[in-house]
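The lines below spell out each chain.
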Number of protein chains: 2
Amino acid sequence: MKKIINKPEDVVHEMLKGLKDSRPETIGLIDKKRIVYRKDPYLNKVGIISGSGSGHEPDQAFYVGKGMLDAACAGPVFAAPTLDAIVDAARMVDRGRGVLFLVKNYTGDRAYFEMASEMLAFEGGPTVETVIINDDVAVKDSTFTAGRRGVAGAILVYKIVGAKSEEGANLDALKQLALEVNSNVRTMGFALKPCTTPEKGSPTFSLGADEIEIGVGLHGEPGRERTTYKRANIIIKTLTDAVLKDLPFTSGDEVALMINGLGGTPIGELYIAAGITHNLLKDSGIRVHKTYVNNYCTSLDMEGCSVTLLKLNEEYKRLLASPAEIPISYF
Amino acid sequence: MKKIINKPEDVVHEMLKGLKDSRPETIGLIDKKRIVYRKDPYLNKVGIISGSGSGHEPDQAFYVGKGMLDAACAGPVFAAPTLDAIVDAARMVDRGRGVLFLVKNYTGDRAYFEMASEMLAFEGGPTVETVIINDDVAVKDSTFTAGRRGVAGAILVYKIVGAKSEEGANLDALKQLALEVNSNVRTMGFALKPCTTPEKGSPTFSLGADEIEIGVGLHGEPGRERTTYKRANIIIKTLTDAVLKDLPFTSGDEVALMINGLGGTPIGELYIAAGITHNLLKDSGIRVHKTYVNNYCTSLDMEGCSVTLLKLNEEYKRLLASPAEIPISYF
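All values derive from a computational prediction rather than experimental measurement. (Residues numbered from 1 in each chain as written. Chains lettered and ligands numbered in written order. Predicted model: local features only at pLDDT ≥ 70, side-chain atom pairs only at ≥ 80, totals over all residues. Heavy atoms only, no water.)

Caption draft 1: Spatial organisation of the overall build of chain A. From N to C terminus, chain A includes eight helices and 12 strands. With the C-alpha coordinates aligned to their principal axes, the bounding extent of chain A is approximately 55 × 50 × 40 Å. Among the 331 residues that make up chain A, the fraction classed as buried is 63%. Taking contacts inside chain A between residues at least 6 apart in sequence as the whole, the part at least 24 apart equals 74%. (Helix = DSSP H or I, 4+ residues; strand = E, 2+ residues; numbered from the N terminus. Buried < 20%, exposed > 50% of the residue type's maximum accessible area, 1.4 Å probe, protein only. Contact = heavy atoms within 4.5 Å.)

Okay, structure coming up:
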């Protein structure tokens, strides 16, 4: 295993330290608990928190900032954040208007966020609501998940809900909005090559030299089909068709399209996927209002990508367009 | 070879088509000549153009927009853009105030940009100046280069010069600024794993399972040393020391730091490198004003990163901070 790391057990701490060093004015870090939080002052808004195992960067720590998340709780690589980190983060971001947890659907993450909610309720606050994100259409249940997995669609949920929270919406309204966005977003991905966790030092699953995994999960969980490598037009059509059919998206719909790289795939290949998807959507009579192409929710060094569609309305369009002051921006 | 592509010969066209589809309001494409240009109207500014072989995305096509480049000429993967594309692009972006070519130092690219300048001079305009960027401290000459190579430091040149061009600076002033920024920026990179070009279908060079290449070039050209894999602290110190020593950067300097991923390395590892570099710079008494961490100038799917330092003044800081409306942004 060759990676830009020191000891495997220090990977997450060193990464978050690099984040804090790189954005000292805007990003705070409670290193011991792996809590990343906004340092800029804010009042009169509901706190928005997400969290999960690390290894999905920029998700979530790199989305902390005005217009998106107020804090992120990072677990070890591919393992849930701790209960006390979530509880502390909720207290930190609360401004008297409550806290919304946005959690991708994995059993471990859900359990810890639910326990944190119960503990906070027992201890008298802050008021917490939780929305589980489950946009992955690939499989019904999965290795670490009862029900559908949460994947790249989560980023669009953070973006829309985060923007709305800056406008002063209350906790109930934000919860309803998050549920609604989640119900309108669908994703499916595939892997060309598996990822290697630093602790294990070898791939989390194996793929033959000529194999791909259609519908792969964010930790390398099995998808719908292990098949032979095919050219991009065929793979991307498989993903897009599965996504379209699921909601279903139909002619006349207006959507946001996200092509999400899984970590090890170059930007250029992601744009090839974007061009193919645009053709397919045009053929289906679906209008793309906005396209997102980058690494948004990754699986360490996994190669491959996912296709996400979000059915839009005027409110979502407005909130997607509002600025997000997040550390991952290029300039 | 498993990549998100159709035919190798269509990779660049399909990628640029995906870019245009994804940013239809702001990005224009002359597909046949692989010219990417700004669609928003602008007047009274010098045109800024860059170009090179493809495979370094987001460099350069994805930096076309207000505040950076007015057009980019993309060649085939790792091969120079054509003469007529450069000539056409210069005519397209000229608003009567001339055109500045910002070119990374590779023999092929230089030759075509120089021929284009001569042809435009012969044909009566527009007036063109060229600045060659050569920030890579690794080696004196290289496989495709007489003199030092141009690498990730180029992005900071585009950013500063592009911002200044929006303020109406004239061609001479912009040329001087580009020369000055180039003389204050230094970079060195390393590879954990080589890249695979679509046409060749196999790595451009070979690295043993336990080897790394210190000072690698953007196309896999040899660097200073082929050595055994080491932990991040040691590798990043080697890069940073080489960069510091070269200008030299000294205690009291204020810098911009760029940790540039080479294409296949996850964001998380780049931030580990950023944290290490921050420690080293602090120890050297150098103050980091701004940190850039992402894939800025890549080599397809190569794994590894580079460290860039730019010695700052107030003018550079102001220009780096001004907005750039470029297609690669996350939101």
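That covers the picture; the talk isn't over yet.
Caption draft 2: Expanded view of the sheet that holds strand β12 (residues 303-311) of chain A. All names here are of chain A. The mixed open sheet is built from six strands, whose spatial order is β9-β8-β7-β12-β10-β11. Two strands lie at the open edges of the sheet, namely β9 (225-228) and β11 (287-294), each paired on one side alone. For this sheet, the mean inter-axis angle between neighbouring strands, taken without regard to orientation, is 20°. Of the strand pairs in this sheet, strand β8 (residues 211-214) and β9 are connected by four bridges, and their pairing is antiparallel. (Pairing = 2+ DSSP bridges. Axes fitted to C-alpha atoms, helices over the stretch in contact; angles between N-to-C directions.)

Caption draft 3: Region of interest: the relation of the copies chain B and chain A. Note on the identical chains: chain B maps onto chain A by a rotation of 180° and an axial translation of 0.0 Å, with an RMSD of 0.0 Å. What the rotation and shift describe, once combined, is the action of a two-fold rotation axis. When C-alpha positions in chain B are compared against the rotation axis, the closest is assigned to Gly264(B), at 2.1 Å. Most of the interface of chain B is mirrored in chain A: 100% of its interface residues are interface residues there too. (Least-squares fit on C-alpha atoms with pLDDT ≥ 70 in both.)

Caption draft 4: A look at the packing of aromatic side chains. Tallied over the full model, the rule gives 17 aromatic pairs over all chains. Here a set of aromatic residues connected by ring pairs shows up, and it is made of Tyr63(A), Tyr158(A), Tyr292(A), Tyr296(A), Tyr330(A), Phe331(A), Tyr63(B), Tyr158(B), Tyr292(B), Tyr296(B), Tyr330(B) and Phe331(B). Positioned over the ring face of Tyr42(A) is Arg38(A), at 4.2 Å from the centre of the ring. The aromatic ring of Tyr42(B) is capped on one face by Arg95(B), whose charged end is 4.1 Å from the ring centroid. (Phe/Tyr/Trp six-rings, centres within 6.5 Å; stacked < 30°, edge-to-face > 60°. Lys NZ or Arg CZ within 6 Å of the ring centre and 35° of its normal.)

Caption draft 5: Representation of the domain arrangement of chain A. Residues and elements named next belong to chain A. The assigned domain composition of chain A is domain 1 (10-183) and domain 2 (185-321). When each unit is reduced to the centre of its C-alpha atoms, the spacing between domain 1 and domain 2 is 23 Å. Counting residues at the interface gives 37 residues for domain 1 and 39 residues for domain 2. Among the residues domain 1 hides against domain 2, the three largest losses belong to Phe78, Val137 and Leu156. Together they make up 20% of the total. At the junction of domain 1 with domain 2, the criterion picks out three salt bridges. Contributing elements (two or more residues each) for the side of domain 1 that touches domain 2: α4 (153-166) and α5 (171-183). (Domains from an automatic or database assignment. Buried area = accessible area lost by both parts, 1.4 Å probe. Salt bridge = Lys/Arg side-chain N within 4 Å of Asp/Glu carboxyl O.)

Caption draft 6: Highlighting the environment of Gly264(B). Position of Gly264(B) relative to the elements: it lies in the loop between β10 (254-261) and α7 (267-283). Residue classification places Gly264(B) among the buried positions, given a relative accessible area of 2%. As a C-alpha pair, Gly264(B) and Lys175(B) span 89 residues in sequence and 34 Å in three-dimensional space. Setting aside anything within four residues of it in sequence, one finds Gly264(B) in contact with Gly263(A), Gly264(A), Leu300(B), Asp301(B), Met302(B) and Glu303(B).

Caption draft 7: Up close: the side chain of Asp301(A). Residues and elements named next belong to chain A. Take Asp301: it is sitting in the loop between β11 and β12. In this structure Asp301 comes out as buried when scored by relative accessible area, which is 12%. A polar contact is formed between the side chain of Asp301 and the side chain of Lys3, at a distance of 3.5 Å. (Polar contact = N/O pair within 3.5 Å; in protein donor to acceptor, adjacent residues only side chain to side chain.)

Caption draft 8: The arrangement of the pattern of salt bridges in detail. All chains considered together, the criterion is met by 58 salt bridges over all chains. When the shortest N-O distance is used, the salt bridge between Arg38(A) and Glu166(A) registers 3.0 Å. With Arg38(A) in strand β2 (residues 35-38) and Glu166(A) in helix α4, this pair connects stretches of sequence that are 128 residues apart. By relative accessible area, Arg38(A) is classed as buried at 5%. Between Lys317(B) and Glu254(B) there is a salt bridge; the shortest N-O distance is 2.9 Å. Residue Lys317(B) is found in helix α8 (residues 314-321), and its partner Glu254(B) is found in strand β10; the two are separated by 63 residues along the sequence.

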